[in-house]
Amino acid sequence: MLQYFASPEELAKYSDDVIRMWSIGIRYDLRIAGMFMTLFYLVGLLLCSHRLSWRFLQVITPTLMGLIVFTTAMVTISNFYYYQTYHNHFDIFAFGLADDDTKSVLLNIWQDYPVVKGVLASLFLGYVSYRLAKHTLRDQPRKPWNLVVFIVYVLIAFIVLFLAARGSVGTFPLRRGNAQVSELLLLNKLSPNGFMALDWALKDKKMDASFAPVSREKGQELKAILGFDGIDAKTAPNTWLESNKPNVVVSVMESFGSNMLAFDHPEKNDLLGQLRGHFQEDFVFKRFLSEDNGTAPSLAAMLFHSPFENISHGSEQKTKLQGVPFNVYKNAGYKTVFISPGNMAWRNLSTYLPLQDVDVVYDQNTLMGMYPESEAELGAWGVPDDYAYRLAEYLLSVSQEPLFITILTITNHPPYEAPARYEAYPYAITPDVAAHTEDDAAAVNDLLKAYQYAADAFGQFVTKVEQSDAGKNTIIAATGDHQMRRLNATYPVEQALDRAVPFYLHVPKAILENTEWTYDPSRVGSHKDIFPTLYNVSLSDTEYRTLAGRNMLAPEDDKSRAFGYNVTLWIDENGAYPMSGKAAFYPWESTTSLRTSGDSETPSEEQQSRQQALPDLLRWQLNSQVRGFKTD
């Protein structure tokens, strides 16, 4: 993995860290081996005590060895491709297989990864181990040992296995924090083996599902560290907005990542289609991060203010939340609508959304009923995106009340299949694209076409709405849920680009003429800032929960909240700060770039404290809603 994912030039700067990575990595391997071997060692001692049980041990051991080596190989191979896709070792997101549409996920795995080769290679290694063990134990008689020799052997074996299982001879065993060996994040991700990473992911998942009452004092402490006066805000009174409530449409676009958008070229590799003109005319913030790195966690953060992705189908799935976007617009007199061309049984959203003040949920089943031709285009995750936009356009044209519409698209998702009827703009595997992927040409072309289709479909929607009667009173926003998959990134210089998504915002002229705003495209932000921005251009004198977000169009930027936050990365006007590993700060390459310097500095203690406090504040806020406050 080190050779595959890191360049020699990059590693040359961190030669001492590479040695530490190997040292810690070997200790993690020994820890897993020690824990496994201790169990087999104890069982083996018991089975060696009698002639018949010794024969049973001779028969069963080769099979066990084969299974162990096969499992180890499969976990290692899976961890490799997991890192290639998500740029992390196994983490909590790996459990999405059980939470998502399992059939579709397995189909994607089959289509996107060398499953057959991986299984065959693992079977081969398992078989070799089976044969070696069988040969080693063949015709080995049971030989009773001298008692003294036996005791010495047992003691030495126990000491060796104990030290291996601890991974350390010091006061503390080898722990998760020991994986942080370098400022180069790649080395930290490669230190643990797949088994250790899965163990951590399982513990994270257990913590992810835990809720408890919180203290008001803790909340005040966290807000003080972050420099926040509070986590609630209020829009300015605006008589024009009160009399002319605009429609608000938010499109959360599947994998609309800046890491792919960076390869856009109007003539050679057009990745925007009809969206290009709108990107040039409207507001676009490009120094902008997704809050998380998967659809479910990003959606939970944006729409439900939840750092726990399972909020919609976990223990609190029947708890109504206050201050979430649907609730804010519902209280302001809006009809709230959720549209997706996918199946909203996913993550229990068809049940959970109405609880959170969504009046109507439309999904693939509705769309296939309204547009029968879409049924022939039904794919693994749903029908093509443009059907969702058609429905939204129709609802805007007939509604007699202000609408708040959220759209979740799905087409730009593995297996990356644009509709056969789609007439694509020019696209090509440019040298930059080729340098960031290991996929074959056919697969990369599918990526490019699906990405372009998704952007073009949204662009066509914006054009049609602008040209309609509803256009002069409809705000349209869009962002990506996370980065584009299947693309490599060069860390640390592309760490922000790898987590970035654009924030597009169209505000009709009449609204701009009646509100105060300033557009500075160099402002940094993230998903946390989308709804505070929308509230301030659509609602008058309305209270809302801002948390860490702020109005990106404010005449004077809120410096305490002028940063972007992803669970793996924090950015501000100065540069990027990884959220894990050794504290590090990477200055921007330029004042408008998403690339950073390859050299890091140590951030201030204040910055480090803020990075630690924000995730705690987000958890505190949700716990205060679902479990309340502690009583003295």
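These remarks concern the structure in this document. Source: prediction; values computed, not measured.

### Things to note about the packing of helix α4 (residues 51–86) against helix α7 (residues 115–137)
In a packed pair of helices, the relevant descriptors are the angle between the two axes and the axis-to-axis distance.
Piece 1. As a packed pair, α4 and α7 sit with axes 7 Å apart at the nearest point and diverge in direction by 150 degrees. Accordingly, the angle class assigned to the pair α4 and α7 is roughly antiparallel. As for how α4 packs across α7, the hand of that crossing is right-handed. Across the interface between the two elements, Q58, T61, P62, T63, M65, G66, V69, F70, A73, M74 and I77 of α4 pack against G118, V119, S122, L123, L125, G126, S129, Y130, A133, K134 and L137 of α7.
Piece 2. When the residues that make up the contact of α4 with α7 are grouped by side-chain class, the tally is 13 nonpolar, eight polar and one charged.

### Digging into the pairing of strand β8 (residues 474–480)
Each regular strand shows side chains that alternate between the opposite faces of the sheet.
Piece 1. Burial within β8 is extensive, with seven of its seven residues counted as buried.
Piece 2. Because side chains alternate across β8, one face comprises the buried residues T474, I476, A478 and G480, and the other comprises I475, A477 and T479, equally buried.
Piece 3. Looking at chain direction, β8 and strand β9 (residues 503–506) are connected through four bridges and run antiparallel. Within β9, the residue paired with A477 across the bridge is L505.

### A short note on the sheet that holds β8
Piece 1. Judged by pairing direction, the sheet is mixed, and its seven strands sit side by side in the order β3-β9-β8-β2-β7-β5-β6 without closing on themselves. Two strands bound the open sheet, and with one partner strand each, they are β3 (283–285) and β6 (360–362). For this sheet, the mean angle separating the axes of adjacent strands, direction not counted, is 15 degrees.
Piece 2. Here helix α21 (residues 441–467) sits on the sheet and contacts β2 (247–253), β8 and β9; the angle it forms with β8, its principal contact strand, is near 170 degrees.
Piece 3. Packed onto the sheet, helix α23 (residues 530–538) meets β2, β7 (403–408), β8 and β9 and runs at close to 175 degrees relative to β8.

### A few points about the pattern of salt bridges
Piece 1. Enumeration according to the criterion identifies 21 salt bridges in this entry.
Piece 2. Notably, a salt bridge pairs R421 with D386, separated by 3.0 Å at the nearest N-O pair. Of this pair, R421 sits in the loop between β7 and α20 (431–435) while D386 sits in helix α19 (residues 385–398), placing them 35 residues apart in sequence.
Piece 3. Here the salt bridges do not stand alone but share partners, grouping R523, K528, D529, R550 and D557 into one network.

### A few points about empty space enclosed by the protein
Piece 1. Overall, the coordinates contain six cavities of 30 Å³ or more when judged by the stated rule.
Piece 2. In this structure, the largest cavity encloses a volume near 200 Å³.
Piece 3. Lining the largest cavity are 18 residues; nearest its centre among them are E291, A301, H305, K528 and L547.
Piece 4. When residues of the lining of the largest cavity are traced back to their parent elements, those giving at least two are α15 (295–304), α23 and α24 (605–626).

### A closer look at the packing of α19 against α21
Piece 1. In the contact formed by α19 and α21, the axes pass within 9 Å of each other and the chain directions differ by 15 degrees. On the basis of the axis angle, α19 is roughly parallel to α21. In this structure, α19 crosses over α21, and the sense of that crossing is right-handed. Within the contact between the two elements, α19 uses D385, D386, Y389, A392, E393 and L396 and α21 uses Y453, A454, A457, F458, F461, K464 and V465.
Piece 2. For the contact of α19 with α21, a count of residues per class yields nine nonpolar, no polar and four charged.

### Focus: the sheet that holds strand β13 (residues 569–571)
Piece 1. Pairing in this open sheet of four strands is antiparallel, and the strands run β12-β13-β14-β15 from one edge to the other. Unpaired on one side and paired on the other, β12 (564–566) and β15 (586–587) mark the two borders of the sheet.
Piece 2. Bridge count between β12 and β13: three bridges; the pairing is antiparallel. Note on β13: the bridge partner recorded for Y565 is W570.
Piece 3. On top of the sheet, α24 reaches β12, β13 and β14 (575–578); it is set at about 120 degrees to β13, its chief contact.

About the thresholds
- Residues numbered from 1 in each chain as written.
- Predicted model: local features only at pLDDT ≥ 70, side-chain atom pairs only at ≥ 80, totals over all residues.
- Heavy atoms only, no water.
- Axes fitted to C-alpha atoms, helices over the stretch in contact; angles between N-to-C directions.
- Helix = DSSP H or I, 4+ residues; strand = E, 2+ residues; numbered from the N terminus.
- Parallel < 35°, antiparallel > 145°, perpendicular 65-115°, else oblique.
- Left-handed = near helix turned anticlockwise from the far one by under 90°.
- Contact = heavy atoms within 4.5 Å.
- Nonpolar A, V, L, I, M, F, W, Y, C, P; charged D, E, K, R; others polar.
- Buried < 20%, exposed > 50% of the residue type's maximum accessible area, 1.4 Å probe, protein only.
- Pairing = 2+ DSSP bridges.
- Salt bridge = Lys/Arg side-chain N within 4 Å of Asp/Glu carboxyl O.
- 1 Å grid on protein atoms, 1.4 Å probe; cavity = no way out; pocket = protein on both sides within 12 Å on 5 of 7 lines; lining within 4 Å.
- Points joined across faces, edges and corners; volume = space filled by probe spheres on them.

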